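Here are the chains, one letter per residue:
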Amino acid sequence: MSNLPLIVMAGASGDLGGRIARALISRGVPTRALVRTNTRQAQLPTGLEVVPVDFADHDRLRAACDDATCIVSAVNGLGDVVLDLQSRLLDAAIAASVPRFIPSDYSLDFTRTAPGRNRNLDLRRAFKAKLDAAPIAATSVLNGAFADLLAGQAPIVLHGIRRILYWGEADQHYDFTTK
Ligand SMILES: NC(=O)c1ccc[n+]([C@@H]2O[C@H](COP(=O)([O-])OP(=O)(O)OC[C@H]3O[C@@H](n4cnc5c(N)ncnc54)[C@H](OP(=O)(O)O)[C@@H]3O)[C@@H](O)[C@H]2O)c1
């Protein structure tokens, strides 16, 4: 039995969330995964305490946050997830007196970009305003883009034609990290 404090996660069935969960488990950190009632549990890392919840049920959600030292969110989606679902999770965390909340940002530094230019960053900025006004400590992970996007969803490295794509300045700096 580990004496380390409990982490409660949302999004542990996802790609990044699964990686975070496996990293916590490998360090012996007790980790509770809040999942939707219809989430396929086979896709969850082993070693987690899995708690299926209705994310619309405040009381169940609050009870599922009990004893946590930190909520780690790695959910993915648009306004209904980044704003609505994370707000419900935040309310539950505050009601359960959880000291810290890590939202599902994992993005470039949206505090230094102009509002209205990127929908995904605007959603994160709106949730950050809510989180900063809430009586809970917050940590935002601003890791830049994940490098696998370079040859995938943001095809900048074009292996086929042996070219690197850029807009405007070829010396434009980007932040990347590995998942
Ligand atoms: N910086 C970058 O380049 C970069 C790249 C990729 C991702 N990201 C970020 O990393 C984070 C995680 O992304 P990902 O790719 O790991 O996502 P993913 O694989 O699609 O996983 C999404 C997770 O969110 C959960 N989820 C979605 N809608 C939900 C809802 N309505 N209620 C409850 N749970 C819900 C899913 O649960 P189910 O299993 O129940 O569906 C799943 O666990 C996001 O913030 C994303 O923007 C950043």
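Scroll up to find the structure this text is about.
In what follows, the accompanying structure is described. (Residues numbered from 1 in each chain as written. Predicted model: local features only at pLDDT ≥ 70, side-chain atom pairs only at ≥ 80, totals over all residues. Heavy atoms only, no water.)

### Side note on helix 1 (residues 15–26)
At step 1: Spanning 12 residues, helix 1 covers 17 Å between terminal C-alpha atoms, matching the ideal 16 Å at 1.5 Å per step.
At step 2: Listing the buried residues of helix 1 in full gives Leu 16, Gly 17, Gly 18, Ala 21 and Leu 24.
At step 3: On its buried side, helix 1 packs onto strand 1 (6–10), strand 2 (31–36) and strand 7 (145–146).
At step 4: Gly 28, located one to two residues past helix 1, shows a positive phi value of around 75 degrees. (Helix = DSSP H or I, 4+ residues; strand = E, 2+ residues; numbered from the N terminus. Expected span 1.5 Å × (residues − 1). Buried < 20%, exposed > 50% of the residue type's maximum accessible area, 1.4 Å probe, protein only. Contact = heavy atoms within 4.5 Å.)

### Brief notes about the site of the ligand
At step 1: The immediate surroundings of the ligand are formed by 23 residues, with Ser 13, Leu 16, Thr 39, Ser 104 and Tyr 106 found nearest.
At step 2: Separating an oxygen atom of the ligand from a side-chain N or O atom of Ser 13 is a distance of 2.5 Å.
At step 3: Between the ligand and the protein, one listed contact pairs an oxygen atom with a side-chain N or O atom of Arg 124 at 2.8 Å.
At step 4: In isolation the ligand offers 930 Å² of accessible surface; the protein chains occlude 76% of this area.
At step 5: Those elements giving two or more residues to the shell around the ligand turn out to be helix 1, helix 3 (79–95) and strand 7.
At step 6: Here the shell around the ligand is composed, by residue class, of 10 nonpolar, 9 polar and 4 charged.
At step 7: Looking at which domains feed residues into the shell around the ligand, each of domain 1 (6–143) and domain 2 (145–179) gives three or more. (Near = heavy atom within 4 Å. Polar contact = N/O pair within 3.5 Å; in protein donor to acceptor, adjacent residues only side chain to side chain. Areas by Shrake-Rupley, 256 points an atom, 1.4 Å probe, with all protein chains shown as cover. Nonpolar A, V, L, I, M, F, W, Y, C, P; charged D, E, K, R; others polar. Domains from an automatic or database assignment.)

### Section: the packing of aromatic side chains
At step 1: One pass over the full model with this rule turns up 2 aromatic pairs.
At step 2: Note on Phe 101 and Phe 127: the rings are 5.9 Å apart at their centroids and 50 degrees apart in plane angle, and the pair reads as tilted. In this pair, Phe 101 is assigned in strand 5 (residues 100–102) and Phe 127 in helix 4 (residues 119–132), connecting sequence segments 26 residues apart. Considered together, Phe 101 and Phe 127 belong to a single accessibility category, that of buried residues. (Phe/Tyr/Trp six-rings, centres within 6.5 Å; stacked < 30°, edge-to-face > 60°.)

### Examining the sheet that holds strand 4 (residues 68–73)
At step 1: With parallel pairing, the 6 strands of this open sheet are ordered in space as 3-2-1-4-5-6. At either margin of the open sheet sits one strand with a lone partner, and together these are strand 3 (49–53) and strand 6 (137–138).
At step 2: Pairing geometry for strand 1 and strand 4, over 5 bridges, is parallel. By the bridge assignment, Met 9 is partnered in strand 4 with Val 72. (Pairing = 2+ DSSP bridges.)

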